[in-house]
Amino acid sequence: NRIDNARVQNGTLKITAKRENYENKDFTSARLITKNRFEFQYGRVEIRAKLPVGQGTWPALWLLGKNIDQVSWPACGEIDIMEHGNGARGLISSTVHLQNADGNHRYSVGRQNIQNVDSEFHVYRMDWSESRLDFFVDDVRHHGFSLTENMPFHQPFFFILNVAMGGLFTDNTI
């Protein structure tokens, strides 16, 4: 997680993963987090992105509940607008994470195959209301999740934009 791996060029944020030894790791990348800088609750989010190529890359556009330091994960809630890495090239997923009544993690996921995931920009969208979360790519809806009042999605959330390397979502293969 190095700020050296993130830059804005011609109005576009670029996160670059690099094969390099740094702090006993074989790869570096960047993670941009808006915690304590920008948080929001309800509305529409649109992120225009072109994804990286290569087995082991794990780009993600996601959010965590502002109260994560008080209640931990998954009680704070997690909203993945887009993740790419656990399947065929072009298979993206959108996932809602929360805890069951017994405190264990549960999730609801929707997937969509898109063409030219790494050569063209696509618009990843989330519509968030008091009653629903809906997820889209290029205005095609692929996942919806109904909210109840006891879920953690009635509070501000902050953004995380990153490209991870390896991990369970990529079958630990780079």
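Fair warning: this is a prediction, and the values are worked out from it, not measured in the lab.

Student: Would you explain the overall build of the protein in this entry?
Tutor: Scanning the protein from terminus to terminus reveals one helix and 15 strands. Computed over its C-alpha atoms, the radius of gyration of the protein comes to 16 Å, within 12% of the 16 Å expected for a compact globule of 174 residues. Once the C-alpha set of the protein is aligned to its principal axes, its extents read approximately 45 × 35 × 35 Å. Counting over 174 residues, the protein shows a buried share of 43%. For the protein, restricting intrachain contacts to residue pairs at least 6 apart in sequence, the fraction spanning at least 24 positions comes to 58%. Total accessible area computed for the protein in this model is approximately 9600 Å², and 45% of it derives from carbon and sulfur atoms. Seen as two clouds, the 19 positive and the 20 negative side-chain charges of the protein have centres 5 Å apart.

Student: Mind showing me how you'd approach the packing of aromatic side chains here?
Tutor: The description of an aromatic ring pair rests on the distance of the ring centres and on the angle between the ring planes. Within the structure shown, the criterion is met by eight aromatic pairs. Through a chain of ring-to-ring contacts, three or more aromatic side chains come together here, namely Phe38, Phe40, Tyr42, Trp128, Phe153, Phe157 and Phe159. Sitting over the face of the ring of Phe136, Arg125 holds its NZ or CZ atom 3.7 Å from the ring centroid.

Student: Could you clarify how one ought to interpret the environment of His105 in this entry?
Tutor: Tracing the sequence through the fold places His105 in strand E11 (residues 105–113). Sequence separation between His105 and Arg125 is 20 residues; the distance between their C-alpha atoms is 24 Å. Side chain to side chain, His105 and His97 meet in a polar contact 2.7 Å long.

Cut-offs and rules
Residues numbered from 1 in each chain as written. Predicted model: local features only at pLDDT ≥ 70, side-chain atom pairs only at ≥ 80, totals over all residues. Heavy atoms only, no water. Helix = DSSP H or I, 4+ residues; strand = E, 2+ residues; numbered from the N terminus. Rg over C-alpha atoms; globule rule 2.2 N^0.38 Å. Buried < 20%, exposed > 50% of the residue type's maximum accessible area, 1.4 Å probe, protein only. Contact = heavy atoms within 4.5 Å. Areas by Shrake-Rupley, 256 points an atom, 1.4 Å probe, with all protein chains shown as cover. Lys, Arg positive; Asp, Glu negative; His and termini not counted. Charge placed at Lys NZ, Arg CZ, Asp CG, Glu CD. Phe/Tyr/Trp six-rings, centres within 6.5 Å; stacked < 30°, edge-to-face > 60°. Lys NZ or Arg CZ within 6 Å of the ring centre and 35° of its normal. Polar contact = N/O pair within 3.5 Å; in protein donor to acceptor, adjacent residues only side chain to side chain.

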